[in-house]
Structures are given as C-alpha cells and as structure tokens.
Amino acid sequence: MPAADLLFTGGAVFTGTGQPLHGHAVAVSGGRITAVVPEADAAAHVGEHTRVVRLDGALLSPGFQDAHVHPISAGVELLMCNLTEATDAADAIATVNAYADANPEEPWILGGGWSMDHFPGGSPLRGLLDAVVPDRPVLLMSRDHHSTWANTAAIRAAGLDASTPDPVDGRIEREPDGTPAGTFHEGAGELFDQVRPPIGADLAYAGLLRAQEELIALGITGWQDGWVGTGLGGVQDVASVYRRALADGTLKVHVVGAQWWERTGGIEQVAEMARRRAEFAALDSGRFTLGTTKIMVDGVAENQTAAMLSPYRDVHGHDTANRGLSFIDPERLRAIVTELDAAGFQVHFHALGDRAVREALDAVEAARDANGATDGRHHLAHLQVVEEHETARFAALGAVANIQALWATHEDQIDELTLPFLQDGAEGRQYPFGDLVRHGARLAAGSDWPVSSADPMDAIHIAVTRVAPGRDDEPLGGAHQRLDLATAMAAYTSGTAYVNHRDHDTGHIREGFLANLVVLDPDPFSLPAEETHRSTVVSTWIEGEPVYPRNA
Ligand SMILES: [Zn+2]
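Since we're looking at a predicted model, the values are computed, not measured. (Residues numbered from 1 in each chain as written. Predicted model: local features only at pLDDT ≥ 70, side-chain atom pairs only at ≥ 80, totals over all residues. Heavy atoms only, no water.)

(A) Region of interest: the overall build of the chain. From N to C terminus, the chain includes 15 helices and 24 strands. Relative to the compact-globule value of 24 Å for 552 residues, the chain shows a C-alpha radius of gyration of 23 Å, a close match. In terms of overall dimensions, the chain has C-alpha extents of about 80 × 55 × 50 Å along its principal axes. The 552 residues of the chain split such that 58% are buried. (Helix = DSSP H or I, 4+ residues; strand = E, 2+ residues; numbered from the N terminus. Rg over C-alpha atoms; globule rule 2.2 N^0.38 Å. Buried < 20%, exposed > 50% of the residue type's maximum accessible area, 1.4 Å probe, protein only.)

Structure, rendered in structure tokens:
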C-alpha cells in the first residue's frame, strides 16, 4: 500500500455523525481521505515522506460548513467603519468620530455593526451622528442588517422628509412631526440606495478574501452565501466577486451561492437565475455553484416585522393590530417555489415568525404536490418561533431546518426587544431545536455572520446548553430544546454538506472524501456541556493542505 501524504493520530475522530471514534488514525493522500483505521494499523500508511500530525488528545472533525453567511458584506464591514466591537452607544459614536477623522477624503461614512440593544427601543437617533459628523452623510447598518442608521446629511441627500411614506416592506422611525428620526427598518433602508456611493469591486473583493481568512481560522471550509444579488448593501454584483476569486485561484473554500429573489419582481427571475447558474456551472470550478434561490418570507422579531400567527403586543402588554409582514403573498409564494423547484433550484427561505414558517412549509408542500419529490433540499433559516405541529412537517416534506443556534439563549436583544412583545407562551416556542430533532427534521447550521459571531463553537455551545457562557439564565425555551453535542456538530458538518449538495465528498471523515478538516482542542466531547466554548480551532485543512495556521 502506498504511504500517505498525511496521517492524523492520537485523538478522537468525529466522522460527521454519531459519537466520535476512539483509537483511530486518518490517512490523507492527494487531498483526499484514504483510510480511517485502528491506530494499530496506522504504521502501514506511514512512509518516508508522510507527515504525521499528532493530535495529543484534540478532536479531528470534518471542516465546519456555514449554511447561512454573508461573507462579502462581513469582510467589507471589517474594512469600513466597523462598530461590531462597540460596547455601548457612546462607544459606537466615538468609533464613528474616530473613523471620520481618519478618513477625511471619504464623501460618505459607510459601515455598520451597531447593536440595537445599545439604543432605546433599538432605534438610534440622527442627532447622535450629527454631533460628530455634521457635514458628511453617515449610513450605518445594524449588526443584524435589518435596520439602517442615518445622520441628517444622509437623510437630506436622499431627499427624505416628513412627507416620505413608509415603503410597504419597511418602516421609518419618526419624530412627532413625522421627520425621519434616524433609524430605517427593513426595506426603508433601501431609500438610500440611489444616493449612497456603491462599494467598489476592489473593496468587495478584498472583503471576500478578508472574510475567508476569518472563517477559515474558525475551522470553516465551506459555506452557503445567503445573499448573492446585485446592488445588495452597496455591493454591485456578488457573483462577479466570486468569479474573480475563482479566476485568481484565491477561493479556497466551497461555496453555494443563494441568488437573491427580488420580492417585488416577477416569475421571470427564474429564467435569469437559471442563466446565471449555467454560466457558473460552465466554469466547472468545483468550488462555486449558484443552484439556490434565497427568498425572504418575513422580517425580524426585534422590529416586529417577523410574520406571526398572533398579534404583537405594545409596551403595556396589550394586543396591537400588527402581526408582522409577509413580504410575499402566500399564494404567490407557493407559485414561485413550485416554479423554482421544477427548474431544479433549491429554495433557501428566511423564515423567522411562526406564520412565515407555516407559509414557507406550505410553499414546499405545494411544490411537492406539483412536481413530486425533487432533490431540492429546500431549507428554512432562522426559525425563531415555530408552532409545535409545524415542527413535524419538516421531515415529511424533506425540508431542512437551517439553525442559527447562537441566538437560542437569553440575552438583552431577545429579553428586552422581543419576548415582552410576544404572546404568553411564546418563549417556549423560541428556536425549538429539540422538538425539530424529535420529529425527525434534518438540521443544518450557520451563523448569519456578520449579524452575529461566525464561530461555530460559540453556536454549538448554545445549542447544547441554551445558556450563554458566563450567564446563569434558565435555558431558553426549556432544557428539552437542547441538542446533544454530536447532533450539533453533525448539523455544522454533514448537515450543511447535505444542504450544499456536497455530502458526496465533504462533511464526513470517510474514505474518498476531501480532506477538509478541523482540529479542535480540547476535544469538546471530553468537556462538560457548559464548557464547550473552551474548545477552539488549532488548525484547519483544505484538501489536505494546512490553511490555518499557515505553518501548521
Ligand atoms: Zn442572513
């Protein structure tokens, strides 16, 4: 037998599902896994040129795959006015001030990462920005990318005033006389699209590479980009950024791009999406495909645009008339999804509220009735509130639950901006991962970075505890909604590989599969659940090459 290029030995091996193997070694040659053998047989794979990697008790796992991430906007944000490290409102303002001083030649101050829970009602005022940047427009996305904060110069530049109506898919926060107050929720943020300077192709490309570096350092070797379109967040053409990385040979990971469904547009988008899919398929890169469509079914709970079955409450606990927004009429959604499914597309739904989840599952059901079972592997991302009987429909319809486990814990954003405005009992229906698994749903996992941390181990920690490190809250929704560690790890590896249609060669440690691997220390399976976050990435490998740290 020929000697391996690489042999991992001396640690447990999580293969992508189930409990880890103990006492086994993994051999790699030509970028692929060639053997998973008992340690006693490992010597047969070692030759003069074999590099032996001693795990010293660390865990070897398939590389993580993020099922919902926005790398380009995340990377660009890191390179622009970046508020993600700000600890409170004053800190955010100071960061904007310092950035403006350091970049006097920039006509607009663009960036983002501010946190809703740093501002009363989640809605910062224009005057806070005017105080530090009175003369240039400032436009900053919230950390969750659902709200935009503007100063007076930006509001004037866009020609917005008391007479500007709210768009159908968004809301303008207003002063008593109707003047925009500074925060623009959901589609209202697009009111600036015509006047804000676009993000140049070079900055977008630099953002992708910066993001890739960050994600690889977290053990991520593949992802689904949840936002591939034109003009999104100022990026002119997301697919062309990936095309450039393919041409330059700088794209190291495997990416599925989810093409953005323009919710005001018509069914003719299917043909255009198929054309773009074919264009990238012809490149035959093995690293980037466009076979997915992203559809926003609703908004988010924090600004009461998530579509709910029952009404939101006001600050006094009284029912309002608002049940959130269905961005697409449910009947039309069924027709669109049926058409996409027939055209061989996967649909990636943003579905947060329980009504949105129902409408998305209804659409998958309509597609199945019309087209029979396809290999679409449609998935619903976010799943903040899910009715109990809806959890059973995932398995029946072959729909995948795409979870952002990091959010499934008590923290200020949910405790102050969401739960007080939902009906009694809603807390028990938040992120019901345990129920989904008990009802046989397949899971995939992702971060929604830059909305929240991209670190899979942070999310897995919450998945298995439902309590953030260092807090002593009750587990959100009850202990029965926790996942066991193997299930959470599987969601982030083999589960996302399935959603990405890459389960034939990634997401598992198995002979013939690509050697896309991560080494985690300490082995999280050796830790009590509440210490899971102590396990961090030692090294990341793509097709048998060390990509983090570079000198692994
Ligand atoms: Zn997202």
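That was the structure; now back to the text.
(B) Inspection of the nonpolar core at higher detail. Core analysis: the largest hydrophobic core is formed by 135 residues, its most contacted members being Phe349, Leu380 and Phe394. Element by element, the count of residues in this core is highest for helix α9 (residues 354-371), at seven residues. Not counting residues up to four positions away in its chain, the partners in contact with leucine 380 are Phe349, Ala351, Val357, Ala360, Leu361, Phe394, Ala399, Val400, Ala401 and Asn402. With 16 residues, the next largest nonpolar core counts Val26, Val28, Leu55 and Leu517 among its residues. (Core = buried A, V, L, I, M, F, W, Y, C linked by side-chain atoms within 4.5 Å. Contact = heavy atoms within 4.5 Å.)

(C) Focus on the layout of surface pockets. Estimates place the volume of the largest pocket at around 890 Å³. Lining the largest pocket are 38 residues; nearest its centre among them are Leu406, Trp407, Glu411, Val451 and Ser452. Those elements that place two or more of their residues in the lining of the largest pocket are α12 (412-417) and α14 (456-465). A total of three residues in the lining of the largest pocket trace back to one element, the largest contributor, which is α12. Residues that form the lining of the largest pocket fall into these classes: 15 nonpolar, 13 polar and ten charged. (1 Å grid on protein atoms, 1.4 Å probe; cavity = no way out; pocket = protein on both sides within 12 Å on 5 of 7 lines; lining within 4 Å. Points joined across faces, edges and corners; volume = space filled by probe spheres on them. Nonpolar A, V, L, I, M, F, W, Y, C, P; charged D, E, K, R; others polar.)

(D) Focus on the packing of helix α6 (residues 238-248) against helix α7 (residues 269-283). Their axes nearest at 12 Å, the elements α6 and α7 cross at an angle of 5°. Regarding the angle of α6 to α7, the classification is roughly parallel. Judged by residue contacts, Ala239, Arg243 and Leu246 of α6 engage Arg276, Glu279, Phe280 and Leu283 from α7. (Axes fitted to C-alpha atoms, helices over the stretch in contact; angles between N-to-C directions. Parallel < 35°, antiparallel > 145°, perpendicular 65-115°, else oblique.)

(E) How the structure looks around the pattern of salt bridges. Per the stated rule, a full pass over the model turns up 25 salt bridges. A salt bridge links arginine 174 to aspartate 166, with the nearest nitrogen and oxygen atoms 2.9 Å apart. On the basis of relative accessible area, aspartate 166 is assigned to the partly exposed category, the value being 34%. The network of salt bridges with common partners includes Arg358, Asp362, Glu365, Glu390 and Arg393. (Salt bridge = Lys/Arg side-chain N within 4 Å of Asp/Glu carboxyl O.)

(F) Highlighting the side chain of histidine 461. In this structure, histidine 461 sits in helix α14. Not counting chain neighbours up to four residues away, the residues in contact with histidine 461 comprise Arg466, Val467, Ala468, Pro469, Ala529, Glu530, Glu531, Thr532 and His533.

(G) Structural context of the pairing of strand β9 (residues 138-142). Where burial is concerned, most of β9 is hidden: five out of the five residues are buried. Looking at chain direction, strand β8 (residues 109-114) and β9 are connected through five bridges and run parallel. Following the sheet pairing, leucine 110 is matched in β9 by leucine 139. Strand direction decides the pairing type here: β9 and strand β10 (residues 147-150), joined by three bridges, are antiparallel. Across the sheet, leucine 140 pairs through a bridge with tryptophan 149, a residue of β10. Count of turn residues in the β9/β10 antiparallel hairpin: four residues, of which histidine 145 carries a positive phi of about 60°. (Pairing = 2+ DSSP bridges.)

(H) Focus on the sheet that holds strand β24 (residues 545-548). Pairing within the open sheet is antiparallel, and its four strands lie in the order β5-β22-β23-β24. Here the strands that pair on one side only, and so sit at the sheet edges, are β5 (59-62) and β24. The mean inter-strand angle of the sheet, taken between neighbouring strand axes irrespective of direction, is 30°.

(I) Summary view of the sheet that holds strand β19 (residues 379-382). Spatial ordering of the open sheet is given by β6-β13-β16-β17-β18-β19-β20-β21, a layout of eight strands whose pairing is parallel. Bordering the open sheet on either side are β6 (64-69) and β21 (442-445), each of which pairs with just one other strand. In this sheet, neighbouring strand axes are inclined to one another by 25° on average, regardless of whether the strands run parallel or antiparallel. Bridge count for strand β16 (residues 254-260) against strand β17 (residues 288-296) is five bridges, and the pairing is parallel. Paired with glutamine 259 across the two strands is threonine 293, which belongs to β17. The sheet contacts of α9 involve β18 (346-351) and β19, and relative to β18 the element is tilted by about 165°. Strands in contact with helix α15 (residues 485-499) are β6, β13 (220-228), β18, β19, β20 (400-403) and β21; relative to β21, the strand with the most contacts, it is inclined by about 90°.

(J) Representation of the pairing of β19 within the structure. Of the strand pairs in this sheet, β18 and β19 are connected by four bridges, and their pairing is parallel. Note that in β19 the partner of histidine 348 across the bridge is histidine 379. Each parallel crossover has a hand, and the one from β18 via α9 to β19 is right-handed. Relative to β20, β19 runs parallel, the two sharing three bridges. Within the sheet, the bridge partner assigned to histidine 379 lies in β20 and is valine 400. (Right-handed = clockwise from strand over helix to strand, strands pointing away.)

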